[in-house]
Amino acid sequence: MTQLSRRNSLKKILLGTAAAGSLPLMGDCTQEDKSQLKGNVNHAVCHWPFNPMTLEELCVGIKKIGFNAIDLVGPNNWNILKANGVECSLCNGADMGIEKGFNDKQYHSQLIKGYTEVIPLVAKAGYKNLIAFSGNRNGMDDETGMKNAAEGLKKIMPLAEKNGVTVIMELLNSKVNHPDYMCDKSAWGVELCKMVGSPNLKLLYDIYHMQIMEGDLIRTIKRDHQYFGHYHTAGNPGRNEIDETQEIYYPAVVRAVLDTGFKGYFCQEFIPKAEDKMASLEQAIRICDL
């Protein structure tokens, strides 16, 4: 090898080393990272854990990471999403909050009015999913609450079906975060879906909440996936980053979800502890991007 050839070879090695040293880390939000998302998972994120970041700032941040969907945004803020080319993966704005839901007949008239008004707006905006809640027990037994919830939901299902909107009932834990919430076990939610009998009623299977209440995540997902229309994440214990500091191994859970043929959204709802919240979000996206 000539001296010139040696110099050229050494130059190539040094350039390659420099390039390797400049590769983006887990938390960097670069265009190169964006192209690396595999496209098998429809990623989304909830806005509220990232406060005080504005919705517009979050829109910009997630597009840098490489996805474009945000959960739990109502009609008043859809214009912000549309201006930034971001989808609303799960809409809100028709409910009365977590504690006042379909299990209590005293709220039916207001809830039916709210969903009757918002369902067509969701469809007109081009969105597909709208959240709902069971409400708290307040001394009511689960069977009565289920019958009440089914009665109320049946009154809005024809409109949901007509507009191609899926009403998503959220599963939440009543042990740590939402004491007395009725739809706190997947079995209750599945039976409610069966009782209502509409393809436009599904459950939000929140992995964090169900890990607390019942565990056995993968077996449940495989068995009951046809009733699950949306997924949420968070680390347990703590509801923080979904990294090695907590007990849920998310790659296995995501693989189980994908194996069911699920084509909906898989949404991050953890509360970042790290100072760089967007770096935590990108790490979570990469953990779940199989």
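Structure report, in brief. The model shown is predicted, which means the values in this text are computed figures rather than measured ones. (Residues numbered from 1 in each chain as written. Predicted model: local features only at pLDDT ≥ 70, side-chain atom pairs only at ≥ 80, totals over all residues. Heavy atoms only, no water.)

1. What about the pattern of salt bridges?
Next up, step 1: Per the stated rule, a full pass over the model turns up 12 salt bridges.
Next up, step 2: Of the charged contacts, one joins Lys105 and Glu151 as a salt bridge, the two residues approaching to 3.3 Å between their closest N and O atoms. Here Lys105, found in the loop between β3 (87-91) and α5 (108-125), pairs with Glu151, found in helix α6 (residues 142-154); they are 46 residues apart in sequence, far enough to count as distant.
Next up, step 3: With a relative accessible area of 44%, Lys105 lands in the partly exposed category.
Next up, step 4: Looking at Glu151, the relative accessible area reads 33%, which means it is partly exposed.
Next up, step 5: When the shortest N-O distance is used, the salt bridge between Arg137 and Asp142 registers 2.7 Å.
Next up, step 6: When its relative accessible area of 16% is taken as the criterion, Arg137 is described as buried.
Next up, step 7: Asp142 gets classed as partly exposed once you look at its relative accessible area, which sits at 30%. (Salt bridge = Lys/Arg side-chain N within 4 Å of Asp/Glu carboxyl O. Helix = DSSP H or I, 4+ residues; strand = E, 2+ residues; numbered from the N terminus. Buried < 20%, exposed > 50% of the residue type's maximum accessible area, 1.4 Å probe, protein only.)

2. A look at the nonpolar core
Next up, step 1: With 86 residues, the main nonpolar core has Ile70, Leu81, Tyr115, Leu192 and Leu281 as its most contacted residues.
Next up, step 2: Looking at this core element by element, the count peaks at 7 residues for α5.
Next up, step 3: If we ignore the near neighbours within four places in the chain, the residues touching Leu281 are Val45, Phe50, Leu58, Ile62, Ile65, Phe67, Gln268 and Phe270. (Core = buried A, V, L, I, M, F, W, Y, C linked by side-chain atoms within 4.5 Å. Contact = heavy atoms within 4.5 Å.)

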